[in-house]
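# Geometric and topological summary
The primary structure of each chain is shown beneath.
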Amino acid sequence: MLAAFIIIDKIYYMLIAVIGVPVNVVAIAILSRGKCGLSTCTTRYLVAMATADLLVIITDVILYQMNLYYFQGSFLHITPVCTVVTFMVCVASDCSVWFTVTFSSDRFVAICCQKLKTKYCTVKIATVILATTCILFCFKNIPLYFTREPGVVIDNVPWFCNIKPSYYTELRWVVFDWFDKALTPLIPFALILLLNALTVRYILVASQIRKGLRGQSKEQKHSDPEMESRRRSVILLFTISGSFILLWSPYVINFLYYSIAGIDPKYYNNSLHIFERIGYMLLSLSCCTNTFIYGVTQSKFREQFRSAIKYPLALLHKNLSKLLLFFPLTIPRISSHYKALNHVRLISRISTHTPSSPSQNHGPHTLLSGEAAIYLYFFQCRIHCSQCGLLYIGQTKRRLGDRFAEQLCSFRKHAPQLPVACHLNNPPPCSHVHIFILGLLQCSSEDQRMLEQQHLI
């Protein structure tokens, strides 16, 4: 049972690393733009929370857990390095938890304390609070460096960092352990529950008062922008807080168990050891959930996420459309209305021809012999007659596939008003039609003007 759980544990941390890093990076990038309909103060807290979660995944999941499973014997297992990694894990975890508390307190003040809101809910105050929190927890976790000892010494090099047995028995370390767990996450649990309860109470009372002042009966339903804004804030606050409490609960239960029972977790049986590992697994998961919460509860965040996904694709399409497309493309299958043609091929190749004379001026639907493609605007192509070698130069603002379909259909129907069909159906009729795209270009009106000056013949 334990062996099977270890395999699951290894795969789990790999998935958390693969998912958690890009998810938090995307959240930081989207929130930093400030276009999610949230206040600048709230955005600052959410960016800080995403950054702390990203650091937890890097330090705890990648540098500690994955190193333990996948990189046995690496330099990260040397005792001083391992101890520093442990220190960074604890600092990142503390900041992640307390940034959630600061966010909850900010929402409480913004909703319930209107007089204090203008002074407290500012970007400057948020920056000071977040920076102070981070610095304090750096100092708080310094004693952890002295709670580790080498597991083995090989050639005078200490390896691994085991917790000293005295950490669970000596009074000073027992007090420090309780102080550590009280700060993260017992006190945050109590503060978040208290702030959320006060926020809900205030909103319920305020909503009843506003309905009375607005004269709304139970049957009438009028939109209230202020209450809608508060509702969105509360939904975001409760989902983040609820996720935090739910995912940290097994860790807290395990701490209370070994503290009250006086048991060293090193001597846990298989069931207790698995429960302890599940607690740590859920802590890692808590660093990936906030971004999904933003996506579910915030419509503007979803819009920004879709824009972020579409932007590189649109940029790629824009750049490709401005370049000449020179690659072979064969259409092996032809729809039913092209069956009258024996063979149809759509080929793109590089033209080696040059304009014969800049003084000549031919219309957009002219058969030329041996001329190069003219890039006027949007898409332009040439249809090459395989028997006489004449070239048809055409331009269109629509899809090339649709335009080719019309040309081939007109050839099948012997349309006399179109030059391509009229020429190709003259005796003797062409049995093979080869369509060569010698050049494709999509350009703006300014590009069109410059290209006409350079290539118009």
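Residues numbered from 1 in each chain as written. Predicted model: local features only at pLDDT ≥ 70, side-chain atom pairs only at ≥ 80, totals over all residues. Heavy atoms only, no water.

### Here's the deal with unusual backbone geometry
- Note that the residue after Thr-184, namely Pro-185, is joined by a cis bond; omega there is 15°.
- With respect to the helices and strands, the residue Pro-185 is situated in helix α6 (residues 171–214).
- With a phi angle near 55°, Asp-155 is a residue other than glycine that sits in the positive phi range.
- Tracing the sequence through the fold places Asp-155 in the loop between β2 (152–154) and β3 (157–159).
- On the basis of relative accessibility, which here comes to 71%, the residue Asp-155 falls in the exposed class.
- Located in the positive-phi region is Phe-160, a residue other than glycine, with phi close to 65°.
- For Phe-160, the location among the structural elements is in the loop between β3 and β4 (162–163).
- Judged by its relative accessible area of 33%, Phe-160 falls in the partly exposed class. (Helix = DSSP H or I, 4+ residues; strand = E, 2+ residues; numbered from the N terminus. Buried < 20%, exposed > 50% of the residue type's maximum accessible area, 1.4 Å probe, protein only.)

### Re the packing of helix α2 (residues 40–70) against helix α5 (residues 123–140)
- Their axes nearest at 8 Å, the elements α2 and α5 cross at an angle of 25°. One way to sum up the angle between α2 and α5 is to call them roughly parallel. You can see that α2 and α5 cross each other, and the crossing is right-handed. Note on element contacts: α5 touches α2 through Val-123, Ala-126, Thr-127, Ile-129 and Leu-130, opposite Thr-40, Cys-41, Arg-44, Tyr-45 and Ala-48.
- A per-class count over the contact of α2 with α5 returns 7 nonpolar, 2 polar and 1 charged. (Axes fitted to C-alpha atoms, helices over the stretch in contact; angles between N-to-C directions. Parallel < 35°, antiparallel > 145°, perpendicular 65-115°, else oblique. Left-handed = near helix turned anticlockwise from the far one by under 90°. Contact = heavy atoms within 4.5 Å. Nonpolar A, V, L, I, M, F, W, Y, C, P; charged D, E, K, R; others polar.)

### Observations regarding the nonpolar core
- Ranked by size, the top nonpolar core spans 37 residues in total, and within it Tyr-45, Leu-46, Phe-103, Ile-240 and Tyr-294 carry the most contacts.
- For this core, the secondary-structure elements that each account for two or more residues are α1 (2–32), α2, α3 (79–112), α5, α6, α7 (225–261) and α9 (289–297).
- Excluding residues that lie within four positions of it along the chain, Tyr-45 makes contacts with Thr-102, Phe-103, Asp-106, Tyr-120, Ala-126, Ile-129 and Leu-130.
- Listed in part, the 14 residues of the second largest apolar core include Tyr-13, Val-56, Met-66 and Ile-274. (Core = buried A, V, L, I, M, F, W, Y, C linked by side-chain atoms within 4.5 Å.)

### With respect to the packing of aromatic side chains
- All chains considered together, the criterion is met by 15 aromatic pairs.
- Their ring planes at 75° and their centres at 5.5 Å tell us that Tyr-12 and Tyr-13 sit as a pair that is edge-to-face.
- Here the guanidinium or amino end of Lys-10 rests over the ring plane of Tyr-70, the centre of that ring lying 5.5 Å away. (Phe/Tyr/Trp six-rings, centres within 6.5 Å; stacked < 30°, edge-to-face > 60°. Lys NZ or Arg CZ within 6 Å of the ring centre and 35° of its normal.)

### Overview of empty space enclosed by the protein
- Under the criterion given, the structure shown has 4 cavities of 30 Å³ or more.
- Volume-wise, the largest cavity comes out at about 100 Å³.
- Around the largest cavity, the lining residues are Asp-53, Ser-96, Val-97, Thr-100, Ile-240, Ser-243, Phe-244, Trp-248, Ser-286, Thr-289 and Asn-290.
- Among the elements of the structure, α3, α7 and α9 are those that each provide at least two residues to the lining of the largest cavity. (1 Å grid on protein atoms, 1.4 Å probe; cavity = no way out; pocket = protein on both sides within 12 Å on 5 of 7 lines; lining within 4 Å. Points joined across faces, edges and corners; volume = space filled by probe spheres on them.)

### A closer look at the pattern of salt bridges
- Summed over the entire model, instances satisfying the criterion amount to 7 salt bridges.
- Between Asp-94 and Lys-140 there is a salt bridge, with its nearest N and O atoms 3.0 Å apart. With Asp-94 in helix α3 and Lys-140 in helix α5, this residue pair connects regions lying 46 residues apart in the sequence.
- Connected through salt bridges with shared partners, the residues Asp-94, Lys-140, Asp-177, Asp-180 and Lys-181 form a single ionic network. (Salt bridge = Lys/Arg side-chain N within 4 Å of Asp/Glu carboxyl O.)

### Observations regarding the packing of α3 against α5
- α5 packs onto α3 with a crossing angle of 145° between their chain directions and a minimal axis gap of 9 Å. The crossing of α3 and α5 is right-handed. Taken together, the residues of α5 that come into contact with α3 (itself represented by Phe-87, Val-91, Asp-94, Cys-95, Trp-98, Phe-99 and Thr-102) are Ile-129, Leu-130, Thr-133, Cys-134, Phe-137, Cys-138 and Lys-140.
- Grouping the constituent residues of the contact of α3 with α5 by class yields 10 nonpolar, 2 polar and 2 charged.

### With respect to α3
- With 34 residues, α3 extends 49 Å between its outermost C-alpha atoms, agreeing within 8% with the 50 Å of an ideal straight helix rising 1.5 Å per residue.
- Among the 34 residues that make up α3, 28 are buried, leaving the element largely enclosed by the rest of the structure. (Expected span 1.5 Å × (residues − 1).)

### Re α1
- In this model α1 runs 43 Å from its N-terminal to its C-terminal C-alpha over 31 residues, within 8% of the 45 Å that 1.5 Å per residue would give.
- Immediately downstream of α1, the backbone of Gly-34 shows phi near 70°, a positive value.

### Observations regarding the confidence of the model for the chain
- The predicted model of the chain averages 75 in pLDDT, with 67% of residues at 70 or higher.
- The least confident element of the chain, judged by mean pLDDT, is strand β5 (residues 344–348) at 31; the most confident is α5 at 94.
- In the predicted structure, residues 451–457 sits below a pLDDT of 50 and forms 17 contacts with residues beyond four places in sequence or in another chain. (pLDDT = per-residue confidence, 0-100.)

### Regarding the side chain of Asn-67
- Topologically, Asn-67 is positioned in helix α2.
- For Asn-67, the contacting residues outside a window of four places in its chain are Ile-62, Gln-72, Ser-74, Leu-76 and His-77.

### Examining the environment of Thr-199
- With respect to the helices, strands and loops of the structure, Thr-199 is situated in helix α6.
- Sequence separation between Thr-199 and Ile-111 is 88 residues; the distance between their C-alpha atoms is 7.1 Å.

### Concerning the state of the cysteines
- Across all of its chains, the model carries 1 disulfide by this definition.
- The disulfide partner of Cys-82 is Cys-161, and the gap between their sulfur atoms is 1.9 Å. Separated by 79 residues along the polypeptide, Cys-82 in helix α3 and Cys-161 in the loop between β3 and β4 bring together distant segments of the chain.
- With no disulfide of its own, Cys-287 lies closest to Cys-288 among cysteine sulfurs, the gap being 6.5 Å. (Disulfide = S-S within 2.5 Å.)

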